[in-house]
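Structural overview
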Amino acid sequence: MGVRQSEKIFDALESFRIELPSWGFANTGTRFGKFIQPAAATTTEEKFSDAGQVHLLTGVCPTVALHVLWDCPDGVRNTADIKKFADRYGVLPGSINPNLFQDQEYKFGSFGNPDLAIRQRALQHTKDSIELARRLHSRDVSMWFADGSNYPGTANIRQRKQWFTEALKESHQALSPGQRLLVEYKPFEPAFYHTDIADWGMSLLLSRAAGPQARVLVDTGHHYAAQNIEQIVAWLLSEDMLGGFHFNDRRYADDDLTIGSIDPYQVFRIFHEIRHFEWETGKQADIAYMVDQSHNLKGKIEAMIQTVTVAQELFSKAALVDGRELATAQKDCDLVRAESLLQDAFATDVRPVIQEWRGSKGLPKNPMEAFRQSGYLERITKDRAARNSRNISSYA
Ligand code: PSV
Ligand code: MN
């Protein structure tokens, strides 16, 4: 590989950071059951410790996303613990995720619930989460709603849209100047007839209505199988409305598989749209790259290391597409040349240069190998196995 190409990869890696989800280190399952892992994290401290380990070895995951009910059950009353864990394990709190789907009250929705008292409760939890984010110096509050209905005729879709608009506007008013509200969409699950924020267009309209600090959050798993996600990304970029990603891969629906495990070319194409936008505008897009994966079968920390290294590879490959040459080929309608620029970049083995970059940062060249040799997994397995096996017997 030429010097110029290596430089492009180095530049790209300098700007690439990816946030890990606390819930990716905990025992999670499918609706059919859980397979408990002896090394899984059960406390917030353990989640920080595991995320800290991934950051230590990769150097590019300085923040961890927190889910308010699961990680901060005391809410704003106790931020001291979170700050202590952040200090101890070297990773900062990242995006804050209110939980508007787990409590019994939300059986028929949160912001879209026909009961005013429940809508107000959901709004209060959102405002509390914004306050929590402020105290933890987190910029982004990520809103995901399970709201929807399972049967035709059972929900007033337009009325619920109105309630969503009002509640998001009011949530937005609670933001401090530097904060952002990210609005995630999902076509189905858990609702199977209609979901209140089903696609990027709905998310875009609601974000616009909410206020200038709201942006759309694209979870790659939240699309129908044939959907062109990179086109959605390009449109959101051109509207200055792309706030961030929840990365994961899927074969069928929201399968939460490791990024790039099924379709790495799609992730490459998403990164390409972003890089090309940045090349054309000359400015770095303000996008929060986050992982949203829960691994049932793979070891959780290894799956996260794999995710981060694959994300770096695909981002580096996208950085190799020459913006000027591509623009010329597109202008000349030279289809084969234009397409080949993407294909050649995708086919390039960027791993040796990424290893060099890691070496230049004093990081292990092969984070997975380093993790396997570190003894960390053996240590936490010993420390946590007893507690996790008790969880198996309590899991009905
Ligand atoms: C929902 O499927 C989702 O993608 C949302 O981002 C949640 O916060 C996350 O998964 C964890 O359940
Ligand atoms: Mn998500």
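Above this text you will find the structure in question.
We now turn to the structure provided with this report. A quick note: this is a predicted structure, and the numbers were derived from the prediction, not measured. (Residues numbered from 1 in each chain as written. Chains lettered and ligands numbered in written order. Predicted model: local features only at pLDDT ≥ 70, side-chain atom pairs only at ≥ 80, totals over all residues. Heavy atoms only, no water.)

1. Quick look at the overall build of the protein
Helix and strand counts for the protein stand at 15 helices and twelve strands. Taken over C-alpha atoms, the radius of gyration comes to 21 Å for the protein, in line with the 21 Å a tight globule of 396 residues would show. Expressed along its principal axes, the backbone C-alpha trace of the protein runs to roughly 60 × 55 × 40 Å. Nonlocal contacts in the protein, meaning residues at least 24 apart in sequence, comprise 78% of its contacts between residues at least 6 apart. Within the structure as shown, the protein displays about 18400 Å² of accessible surface, and the carbon and sulfur contribution to it stands at 52%. The average position of the 46 basic charges and that of the 51 acidic charges among the side chains of the protein differ by 3 Å. (Helix = DSSP H or I, 4+ residues; strand = E, 2+ residues; numbered from the N terminus. Rg over C-alpha atoms; globule rule 2.2 N^0.38 Å. Contact = heavy atoms within 4.5 Å. Areas by Shrake-Rupley, 256 points an atom, 1.4 Å probe, with all protein chains shown as cover. Lys, Arg positive; Asp, Glu negative; His and termini not counted. Charge placed at Lys NZ, Arg CZ, Asp CG, Glu CD.)

2. Some thoughts on the coordination of the manganese ion (ligand 2)
Taken together, the protein donors to the manganese ion (ligand 2) comprise Glu184 (OE), Asp219 (OD), His246 (ND1) and Asp292 (OD), at separations of 2.2 Å. For the manganese ion (ligand 2), the six donor atoms in the first shell make angles of 71 to 166 degrees at the metal, so the coordination geometry reads as octahedral. Mapped onto the sequence, the donors of the manganese ion (ligand 2) take the spacing E-x34-D-x26-H-x45-D. With a gap of 62 residues between them, Glu184 in strand 8 (residues 180-184) and His246 in strand 11 (residues 242-247) connect regions that are remote in the sequence. The pair formed by Glu184 and His246 is uniform in burial state, with each residue classed as buried. (Donors = N, O, S within 2.8 Å, 3.2 Å for Na, K, Ca; no water. Tetrahedral: all angles 85-135°; square planar, octahedral: opposite > 155°, others 65-115°. Buried < 20%, exposed > 50% of the residue type's maximum accessible area, 1.4 Å probe, protein only.)

3. A short note on the environment of Leu363
As for its position among the elements, Leu363 is in the loop between helix 13 (351-360) and helix 14 (367-374). Considering only alpha carbons, one finds Leu363 and Leu92, 271 residues apart in sequence, at a separation of 19 Å. Apart from the residues within four sequence positions on either side, Leu363 is in contact with Leu56, Leu57, Thr58, Gly59, Trp357 and Arg358.

4. Quick word on unusual backbone geometry
The omega torsion across Glu189 and Pro190 is 10 degrees, close enough to zero to call that bond cis. Located in the positive-phi region is His137, a residue other than glycine, with phi close to 60 degrees. Along the chain, His137 falls in the loop between helix 5 (116-135) and strand 6 (140-143). With a phi close to 55 degrees, Asp240 is a non-glycine residue in the positive phi region. In this fold, Asp240 is placed in the loop between helix 8 (229-238) and strand 11.

5. Description of the pattern of salt bridges
What the rule picks out here adds up to 29 salt bridges. Notably, a salt bridge pairs Glu46 with Arg384, separated by 3.8 Å at the nearest N-O pair. Linking Glu46 in helix 2 (residues 44-58) with Arg384 in helix 15 (residues 376-394), this pair joins segments that are 338 residues apart in sequence. With a relative accessible area of 11%, Glu46 lands in the buried category. For Arg384, a relative accessible area of 4% corresponds to the buried category. Measuring nitrogen to oxygen at the nearest pair gives 2.1 Å for the salt bridge that ties Arg337 to Glu325. Separated by twelve residues along the polypeptide, Arg337 in helix 12 (residues 335-347) and Glu325 in helix 11 (residues 323-331) bring together distant segments of the chain. Judged by its relative accessible area of 35%, Arg337 is partly exposed. Each of Glu46, Asp50, Arg384 and Arg387 takes part in one network of salt bridges that share partners. (Salt bridge = Lys/Arg side-chain N within 4 Å of Asp/Glu carboxyl O.)

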